[in-house]
Amino acid sequence: FAFLTLTVITFLWGMSFTSLVNPGFWQTLSVFFFCAAMLYGVKYCMTEYTYTLTDKEFVIIKTVGQKNTKVCHLDAEMYTAVYDKNEWLLHKKSRQITSVYNYNASHSPEKYYVIVFELDSKKSAVMFEGTEEMKKAFSDIILARQENQ
């Protein structure tokens with residue numbers, strides 16, 4: 001990724017010395033490409049997420065370099081549903097979700113899960129790259145809570 005980015009930026013910078021188009025066009029294009037590449041690199045190449053699920057809470061820790069930041073904390077009472085990728089895409093038009101938070105570590109993962117939660121009578125969702133065991137655990141927690149009510 002870094003080599004490809006450096007190659008493209010070098011090419012764009014070199015094009016600014018030609019008379020094909022205004023040099024400012026190539027310089028502006030190289031700055032935009034550099035910014036987009038940095039955002040993509042930090043978000044998907046340098047960021048790791050740690051997902052922790054207990055009976056009482058679900059926590060996501062984001063790690064960039066040596067810095068750890070808690071980006072999500074959901075209490076078990078907030079969960080309303082859990083979906084895998086196919087179920088999530090299937091019900092895309094019929095759901096009433098106000099916000100979707102994407103905590104996937106890769107740009108387009110093959111497998112991800114979505115936990116829907118309710119906060120202040122509004123439904124939101126968190127996308128994460130978990131395991132089938134985590135989905136089953138979420139389902140068990142939701143089912144146990146519904147049975148106790």
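Residues numbered from 1 in each chain as written. Predicted model: local features only at pLDDT ≥ 70, side-chain atom pairs only at ≥ 80, totals over all residues. Heavy atoms only, no water.

### Let's talk about the nonpolar core
Grouped together as the largest cluster of nonpolar side chains are 20 residues, with contacts concentrated most on Phe58, Ile60, Leu74, Tyr79, Ile115, Val126 and Phe128. If you list the elements that add at least two residues to this core, you get strand E1 (47-53), strand E2 (57-64), strand E3 (67-75), strand E4 (79-84), strand E6 (113-119), strand E7 (122-128) and helix H4 (132-148). Take this core: its biggest share by element is four residues, from H4. Among all residues touching tyrosine 79, those that are not within four sequence positions of it are Leu53, Glu57, Phe58, Leu74, Ile115, Val116, Phe117, Phe138, Ile141, Ile142 and Arg145. Ranked by size, the runner-up nonpolar core spans seven residues in total, among them Ala81, Tyr112, Val116 and Met127. (Core = buried A, V, L, I, M, F, W, Y, C linked by side-chain atoms within 4.5 Å. Buried < 20%, exposed > 50% of the residue type's maximum accessible area, 1.4 Å probe, protein only. Helix = DSSP H or I, 4+ residues; strand = E, 2+ residues; numbered from the N terminus. Contact = heavy atoms within 4.5 Å.)

### Some details on the pattern of salt bridges
Per the counting criterion, the structure on display carries two salt bridges. When the shortest N-O distance is used, the salt bridge between lysine 135 and glutamate 87 registers 3.5 Å. Of the two residues, lysine 135 sits in helix H4 while glutamate 87 sits in helix H3 (residues 85-90), which places them 48 residues apart along the sequence. Here aspartate 140 makes a salt bridge to lysine 136, at a shortest N to O gap of 3.4 Å. Of the two residues, aspartate 140 and lysine 136 both sit in helix H4, four residues apart, roughly one turn of that helix. For aspartate 140, a relative accessible area of 40% translates into the label partly exposed. On the basis of relative accessible area, lysine 136 is assigned to the exposed category, the value being 51%. (Salt bridge = Lys/Arg side-chain N within 4 Å of Asp/Glu carboxyl O.)

### What about the environment of leucine 53?
Its location among the elements puts leucine 53 in strand E1. The exposure class of leucine 53 is partly exposed, given its relative accessible area of 22%. Each C-alpha atom of the pair leucine 53 and alanine 76 lies 9.5 Å from the other, and the pair is 23 residues apart in sequence. Residue contacts for leucine 53: discarding those within four places in its chain leaves Phe58, Tyr79, Met134, Ala137, Phe138 and Ile141.

### What to know about the sheet that holds E3
Read across the open sheet, the three strands follow the order E1-E2-E3; overall the sheet is antiparallel. Edge strands, defined here as strands with exactly one partner in the open sheet, are E1 and E3. Taking each pair of neighbouring strands and ignoring which way they run, the sheet shows an average axis angle of 20°. Sheet analysis places E1 next to E2, joined by seven bridges and oriented antiparallel. Bridge assignment links glutamate 48 to a residue of E2, and that residue is threonine 63. Against the sheet, H4 contacts E1 and E2, and its axis sits at roughly 40° relative to E1. (Pairing = 2+ DSSP bridges. Axes fitted to C-alpha atoms, helices over the stretch in contact; angles between N-to-C directions.)

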